[in-house]
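For reference, the chains in residue letters:
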Amino acid sequence: MKTAQLKYIWEVSHGQRGCILLSCFTGIIGVAVSLAFIYASKIVIDIATDAATGSLTHAAILTIALLIAQLLCSAADTWLSARMQVEAGNALRHRLFSRLLQSRWNELERFHTGDIVNRVEQDTAAIVGLLTGTIPAFIVTVVQLLAAFIFFCLLDPSLPWVVVGILPIFLLGSRFYMKRMHRYTREIRQSDSRIQSVIQESLQHRTVIKTLEQGERHIDKLDDLQDALRSQVFGRTRFSLSARTLVAFAFSGGYLTAFLWGAARLSTGSITFGTMTAFLQLVGKVQRPALDLSRLLPSFINALTAVERLMELEELPVETTGESEFFVKTPDLQLKDITFSYSPGDRPILNHFSCNFPAGSCTAVLGETGAGKTTLIRLLLALTTPQEGSITLMGERLLVPTGNHNSSSANTALPELSTIEISPQTRANFVYVPQGNTLFSGTIRDNLLMGNPHATATEMLQSLRTACADFVFSLPQSIDTSLNEQGGGLSEGQAQRIAIARALLRPGHILLLDEATSALDPETERQLIKNLRKDCTGKTFIFITHHPAVAEACEASIRL
Ligand SMILES: Nc1ncnc2c1ncn2[C@@H]1O[C@H](COP(=O)(O)OP(=O)(O)OP(=O)(O)O)[C@@H](O)[C@H]1O
């Protein structure tokens, strides 16, 4: 196992280490109690067979007390384990989810969302299982084995050395086993991710699949992937079962040897009947944990594979964080000599491109499809960075904490004249309406509040009016109407207008509208642009459009 993986496990165990220790502690107490139970039952038998003297009642009471203690330890362990599972799971998902949302926009594109969801769910569960189940169980089992071994030595010092003799063979075998199981597990987890990706993508695009009449093909695709998964799982199970059967066989042989050895010594009178019973119980105590260990190994390997997969996600570069750089008045926006391509060596989408968007201007960005209009917006929003050139904002700036641009905090900070480069911290200055349907499930109000969590009812009403989305008020539940995924329940044009209203609640002064009116009829589109110009005076508008009517409403245009 690599140090990085161990470090990761150590890191994610933060907050649970106390509980893990407590769980090990109750487990070890449980082992001690169970061994004491064996000893007490030996005394009971020895007294009953007159091999020893003493009170049979006292010995029996001690045995019952130890049995109750064993049950209490087991109950404590179950409670601790359930508590750790939910807490460790929540903490790990929180950590991953924040990391994913903070990662750079283009980095996450390398992964399919189905694969990401699969990792966040399944791999998290595997690591939680390691922390809350496998690690404590491993420690307790090892302690149990050691204790039973010492007890054995006390009863008869000759037999345990057989165990020491086979230990090197066992260690060598387990190394080979770990390597092979790790390969199997990684392949299985990849297949699992692929299956989730197909299901997720197919459900997301179910309308397309239906209309293209490709349902059967997608089901076949899933079946193929599932067949591959099945043969991988069968392969792993075959291998793991053979290894476990070998271990079980070795231990059954051990049990039989111990039994015959004990019987021989009992017949010569060198041990008592009580010692013989204790001896056999002890062999059972060694046999079970040894089999438990062989069962723990696959979950250990599963968790290690999960760690590798989650580390791949966590290693994604994150965006810079810091104080938000907010301009109180509309700033000038300037692009100077920008060259950008998505990957090094690819054809540049923008090549030595320069342009200005003065404060309060209204510009249409035109160009044939694939020309780079959306890319330009991504650069302005610092979702990606140009290889050459600079994008700057110039004007009166406020220094306020990230995400805190409501009017009260804006009033407390002092503005200063400055020119700054575009970065994730300058995003607060932009109001962006992306292409397509970008609504979330929830009510219309929930969607609007995403634009500004502090928006008042009047502000929401105003933004809906500006966006020509008054239709909301004629819905039976008005602004509290529930929407399905991606605004399901609304038409494309209605969803677009709510998305515009949501964006308008943002405090920024530069509006970026990426084909935001593409689904509207010409009359509504004209009215919406008119409203925007009237209600957002002094703001800068950048319309990305293929519609001549939008371009005509702008004072300037840029063709890419
Ligand atoms: N995430 C990406 N990774 C790699 N290349 C991309 C990515 N997004 C877009 N491209 C490429 O960049 C070019 C410009 O794409 P962009 O989306 O900016 O065009 P557009 O002008 O907005 O097109 P449209 O009018 O069709 O929306 C295209 O050739 C496209 O293949």
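Residues numbered from 1 in each chain as written. Predicted model: local features only at pLDDT ≥ 70, side-chain atom pairs only at ≥ 80, totals over all residues. Heavy atoms only, no water.

Domain parsing of the chain yields domain 1 (1-156 + 296-319) and domain 2 (326-402 + 413-559). Its C-alpha centre places domain 1 at a distance of 51 Å from the equivalent point of domain 2. (Domains from an automatic or database assignment.)

The next thing to look at is the sheet that holds strand β12 (residues 556-559). Through backbone hydrogen bonds, the strands of a sheet pair up, either in parallel or in antiparallel fashion. With parallel pairing, five strands are arranged side by side in an open sheet as β7-β10-β11-β4-β12. Whereas interior strands pair on both sides, the edge strands pair on one side only; in this sheet they are β7 (430-433) and β12. Taking each pair of neighbouring strands and ignoring which way they run, the sheet shows an average axis angle of 15°. Strand direction decides the pairing type here: strand β10 (residues 510-514) and strand β11 (residues 540-544), joined by five bridges, are parallel. From the neighbouring strand, Leu511 faces β11, where its bridge partner is Phe541. This element, helix α14 (residues 522-535), spans β4 (362-366), β10 and β11 of the sheet and lies at about 160° to β11. (Pairing = 2+ DSSP bridges. Helix = DSSP H or I, 4+ residues; strand = E, 2+ residues; numbered from the N terminus. Axes fitted to C-alpha atoms, helices over the stretch in contact; angles between N-to-C directions. Contact = heavy atoms within 4.5 Å.)

Moving on, we get to the site of the ligand. Neighbouring residues of the ligand: 17 residues in total, closest Glu109, Thr369, Lys373, Thr374 and Thr375. About the coverage of the ligand: the protein hides 68% of its 640 Å² of free accessible area. Looking at the shell around the ligand, its residues break down into four nonpolar, seven polar and six charged. (Near = heavy atom within 4 Å. Areas by Shrake-Rupley, 256 points an atom, 1.4 Å probe, with all protein chains shown as cover. Nonpolar A, V, L, I, M, F, W, Y, C, P; charged D, E, K, R; others polar.)

Under the counting rule described, the total for this entry stands at 21 salt bridges. Notably, a salt bridge pairs Arg119 with Glu312, separated by 2.8 Å at the nearest N-O pair. Residue Arg119 is located in helix α4 (residues 113-155), and its partner Glu312 is located in helix α8 (residues 273-314); the two are separated by 193 residues in the primary sequence. Among the salt bridges present, the one from Arg427 reaches Glu319, with a minimum N-O distance of 2.6 Å. Placement of Arg427 in the loop between β6 (416-421) and β7 and of Glu319 in the loop between α8 and β1 (324-327) is noted, with a sequence separation of 108 residues between them. A relative accessible area of 18% places Glu319 in the buried class. Several salt bridges share partner residues, and in doing so they unite Asp115, Arg119, Asp123, Arg186, Arg189, Asp192, Glu308, Arg309 and Glu312 into one network. (Salt bridge = Lys/Arg side-chain N within 4 Å of Asp/Glu carboxyl O. Buried < 20%, exposed > 50% of the residue type's maximum accessible area, 1.4 Å probe, protein only.)

Okay, the UniProt feature "transmembrane region" (unreviewed entry) in the chain next. The positions UniProt marks with the feature "transmembrane region" (unreviewed entry) are residues 20-40, 60-80, 127-152, 158-178 and 246-264. Taken end to end, residues 60-80 is 100% helix and 0% strand, and its first and last C-alpha atoms sit 31 Å apart. (UniProt positions renumbered as here; feature names shortened; annotations may be inferred.)

Before going further, it helps to spend a moment on helix α11 (residues 444-451). Within α11, burial applies to Ile444, Asn447, Leu448 and Gly451. Summarising the axial view, the buried residues of α11 lie within an arc of 95°, below the 170-degree limit, and thus occupy one face. At its buried positions, α11 is contacted by β8 (442-443), α12 (457-466), β9 (482-483) and α13 (492-504). (Arc of directions from axis to C-beta.)

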